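Observations on the three-dimensional arrangement
Residue-level listing of the chains:
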Amino acid sequence: MPHSPLAYLSQGRLFFKGPDAAPRLIQSRFGQQVIDRSLEISQKRAWKAGNAGGGMPGALWGSQSAGSDTEVVTFTGAALGAQQLFYLLQTSALCGLFRIDPASGEEQRLFTDTGKRGSDLALHPGGAELALSLQHQNGTSNVAVVQADGSGLQTVTEGDSRDECPTWVPGEGRRLVFQSAGVARTPEGFAAGLGPASIEELDLDSGAMSTLLQAEKFDLLAPRIAEDGALLFIRRPFEGPGARRLTLGTFLLDIVLFPYRLLRALLGFLNVFSMMFTQKPLTMAGGPERKGSESGPLFLRGRRIEAEKKLRDLRSGDPDVAGLVPANWELIRRDTSGQESVLARHVLAFDLPPTGGVIYSNGRAIYALDAAGKSELVARDRVVEHVTA
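These figures come from a predicted structure and were not determined experimentally.

This brings us to the pairing of strand β12 (residues 161-168). Taken residue by residue, a regular strand's side chains alternate between the two faces of the sheet. Taking burial as the measure, the eight residues of β12 include eight buried ones, the bulk of the element. Bridge analysis of β12 against strand β13 (residues 175-185) gives six bridges, and the strand direction is antiparallel. Bridging across to β13, Arg162 finds its partner in Ala181. Between β12 and the antiparallel strand that follows it, β13, lie six residues; Gly171 among them carries a positive phi value of about 105°.

The antiparallel open sheet is built from four strands, whose spatial order is β23-β24-β25-β26. Looking at strand neighbours, the two that pair on one side only are β23 (349-351) and β26 (375-380), the edges of this open sheet. Within the sheet, the average angular offset between the axes of one strand and its neighbour, ignoring direction, is 25°. Of the pairings in the sheet, the one linking strand β24 (residues 358-361) to strand β25 (residues 365-369) comprises four bridges and is antiparallel in character. Looking across to β25, one finds that Ser361 is bridged to Ile366.

Quick look at the side chain of Ser10 now. Considering the arrangement of structural elements, one finds Ser10 in strand β1 (residues 6-10). A relative accessible area of 0% means that Ser10 is categorised as buried. A distance of 2.6 Å separates a polar atom in the side chain of Ser10 from the backbone oxygen of Val383. For Ser10, the contacting residues outside a window of four places in its chain are Phe15, Asp381, Val383 and Glu385.

On to the pairing of β26, then. Note that β25 and β26 share five bridges and pair antiparallel. The residue of β26 that forms the bridge with Ala368 is Glu376. Remark: five residues form the turn of the hairpin made by β25 and β26, two consecutive strands paired antiparallel; Gly373 in that turn has positive phi of roughly 90°.

Tracing the backbone shows Arg303 in strand β20 (residues 303-306). Reaching out from Arg303, the side chain makes a polar contact with the backbone oxygen of Pro237 at a distance of 3.2 Å. Among residues more than four places away in sequence, those in contact with Arg303 are Asp219, Arg236, Pro237, Glu239, Leu298 and Trp329.

Turning our attention to the nonpolar core. By size, the foremost hydrophobic cluster in this structure holds 21 residues, and its most contacted members are Leu14, Ile26, Phe75, Leu85, Tyr87 and Leu89. Excluding its chain neighbours within four sequence positions, the residues that come into contact with Phe75 are Leu9, Gly12, Arg13, Leu14, Ile26, Ser28, Trp61, Tyr87, Leu88 and Leu89. Core analysis: the second largest hydrophobic core is formed by 18 residues, Ala197, Ala230, Val347 and Tyr367 among them.

This paragraph deals with the environment of Ser210. Structurally, the position occupied by Ser210 is in strand β16 (residues 209-213). Discounting residues that sit within four places of it in the chain, Ser210 has contacts with Ile199, Glu200 and Glu201.

Our focus in this paragraph is unusual backbone geometry. Even without a glycine there, the phi angle at Gln11 is positive, about 50°. Here Gln11 is to be found in the loop between β1 and β2 (13-17). Judged by relative accessible area, Gln11 falls into the buried class, the value being 6%. Here the phi dihedral of Gln83 falls at roughly 60°; this positive angle occurs in a residue that is not glycine. Structurally, Gln83 is set in the loop between β4 (74-81) and β5 (84-90). Of the residues examined, Gln83 reaches a relative accessible area of 66% and is grouped as exposed.

Turning to the environment of Thr91, a few remarks are in order. Inspection of the secondary structure assignment puts Thr91 in the loop between β5 and β6 (94-100). Residue Thr91 is classed as buried on the basis of its relative accessible area of 6%. Sequence separation of Thr91 and Phe75 is 16 residues, and the distance between their C-alpha atoms is 9.2 Å. Setting aside residues up to four positions removed in sequence, Thr91 forms contacts with Val34, Glu71, Val72, Val73 and Arg117. A distance of 3.2 Å separates a polar side-chain atom of Thr91 from the backbone nitrogen of Ala93.

What follows concerns helix α1 (residues 29-48). The end-to-end C-alpha distance of α1, which contains 20 residues, comes to 29 Å, matching closely the 28 Å that a straight helix rising 1.5 Å per residue would cover. Those residues of α1 lying buried are Phe30, Gly31, Val34, Ile35, Ser38, Leu39 and Ser42. The inward-facing, buried residues of α1 abut β5, β6 and β7 (107-114). Where α1 begins, the side chain of Ser28 points an oxygen toward the backbone nitrogen of Phe30, at a separation of 3.4 Å.

Our focus in this paragraph is the pattern of salt bridges. Within this structure, the stated rule accounts for 15 salt bridges. Among the salt bridges present, the one from Glu239 reaches Arg303, with a minimum N-O distance of 3.6 Å. Taken as a pair, Glu239 in the loop between β18 (231-237) and α2 (248-278) and Arg303 in strand β20 lie far apart in primary sequence, 64 residues in all. Taking the relative accessible area as the measure of exposure, Glu239 reaches 45% and is therefore partly exposed.

Cut-offs and rules
- Residues numbered from 1 in each chain as written.
- Predicted model: local features only at pLDDT ≥ 70, side-chain atom pairs only at ≥ 80, totals over all residues.
- Heavy atoms only, no water.
- Buried < 20%, exposed > 50% of the residue type's maximum accessible area, 1.4 Å probe, protein only.
- Helix = DSSP H or I, 4+ residues; strand = E, 2+ residues; numbered from the N terminus.
- Pairing = 2+ DSSP bridges.
- Axes fitted to C-alpha atoms, helices over the stretch in contact; angles between N-to-C directions.
- Polar contact = N/O pair within 3.5 Å; in protein donor to acceptor, adjacent residues only side chain to side chain.
- Contact = heavy atoms within 4.5 Å.
- Core = buried A, V, L, I, M, F, W, Y, C linked by side-chain atoms within 4.5 Å.
- Expected span 1.5 Å × (residues − 1).
- Salt bridge = Lys/Arg side-chain N within 4 Å of Asp/Glu carboxyl O.

Here it is in structure tokens:
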């Protein structure tokens, strides 16, 4: 089947894929300038400190670890329009909105703002506005809108909640749907967890907000409205604070594994000192240095995923069948009469291409799903966290 151009995020990096081409890594000149300045400062500090054996730091693009004095630049949002790709870049100090022509690679900086953290970018069908999520230090996040030229950034939701994944509703007017979860706090005011994520709708013209769908035992994530009015979203079981119960079996297992875990922690602690002072690890049992952070835990849509264990489980079969997230992460289609159907399982992210159908990611691959329910593999990567068509 013919495929629309798409873009996806993989561990803080951005890729673009044309209809008949392999995925291509998007390079940001601004992000590279930030990295170059950070490296220069880090090298000057190392020279003044007499650290002749400091060497170069680790990878500085994406979610991989780097030296404490170096800057890591990550792509945190992407939205694909006609002949243009919008994206959010995040550093430790600022968040920036950029636009690039995928064909020529010409990049334009639309705005940068210090002290902000943004994600979940969505382009209005008319191309004049973008919606995004802005995170705050108190554990909340709000939906914001900005003009496509980078002007007029405005927060449009408020409250003690995490409002994320906004997308535009087709048709007349300026309406958004997004997921929203209330923040549970301790008596001292610290964030302790989140309630179930519901689906909210906001009319930007009138300011009216309404709840489209909520479920006490499920998170309803990443909503999108199709041209026919159907609501599509990811449904997964809700896990609130203290959701994992301590059973007798897990208690006894913790006792048995305690010496091993203590020894492993001690070796890791000593290995850090060995790397600091000799630039050599204490042990070589792990083989070559692993590339990327997929071997450790990943946080996907606020949920901790043990990627290393998951990949071991998948080696005996086709890794594209199960994906990184569990089968109970389901892509749901709810029509205007309220009838629901499961379109796919193991779904981490999805989008609705203008040509029809659905594209979705199971964390390891991207599939195109047609109206008849037939899926076709479109692309693969180590981790696919977000996809936009």
